[in-house]
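# Understanding the architecture of this molecule
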Amino acid sequence: MSKLIPLEDHIIVEAIAEEQVTKSGIILPDSKEKPSKGKVIAVGAGKILDNGSRAAVDVAVGDIVYFTKYAPDELEVDGTSYLVIKQSSVLAKQA
């Protein structure tokens, strides 16, 4: 992978496919719905505040995050697809 460096409060995420399993254990095929879960690949330095300082970013490389479905922008680098989202679109991270 080429080294991607997100700017300000942007986060680069690699989508994680979510398998859907029914209560009886049947695995449903992957739908064409946009992903809402991913692994953080790179994190920006944080948004610049009015006083010139930077706001801390709440996620780190390697975190699994959940985000709004329509927030990410898709980016393809060297044949690999990534999602770029703003920190404000991250709803939660997996503990």
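So, here is what we can say about the structure in this document. (Residues numbered from 1 in each chain as written. Predicted model: local features only at pLDDT ≥ 70, side-chain atom pairs only at ≥ 80, totals over all residues. Heavy atoms only, no water.)

### Examining the overall build of the chain
Using the following cut-off: Helical segments are the DSSP runs of H or I of at least four residues, strand segments are the runs of E of at least two, and each set is numbered from the N terminus. Each residue is placed in one exposure class: buried if its accessible area under a 1.4 Å probe, protein chains only, is under 20% of its type's maximum, exposed if it is over 50%, and partly exposed if it falls in between. In this description, contact between two residues means that some pair of their heavy atoms is separated by no more than 4.5 Å.
Looking only at helices and strands, the chain has 0 helices and 8 strands in total. Beginning at the N terminus, the succession of helices and strands in the chain can be written as β-β-β-β-β-β-β-β. Buried residues in the chain amount to 28% of all 95 residues. For the chain, the proportion of contacts with a sequence separation of at least 24, taken over those separated by at least 6, is 62%.

### Quick word on the sheet that holds strand E8 (residues 90-93)
Put simply, the test is: At least two DSSP bridges between two strands are required for those strands to pair. A fitted line through C-alpha atoms represents every axis, and for helices the fit uses only the stretch in contact; the resulting angles, taken between N-to-C directions, go from 0 to 180 degrees.
The strand order E6-E7-E1-E4-E5-E8 describes an open sheet built from 6 strands, whose pairing is antiparallel. With one partner strand each, in any of the chains shown, strand E6 (73-77) and E8 form the two edges of the open sheet. Averaged over all pairs of adjacent strands, the angle between strand axes in this sheet comes to 45 degrees, irrespective of strand direction. Summarising the sheet, strand E1 (residues 10-15) and strand E7 (residues 80-86) pair through 4 bridges and their orientation is antiparallel. Considered in E7, the bridge of Ile11 is made with Ile85.

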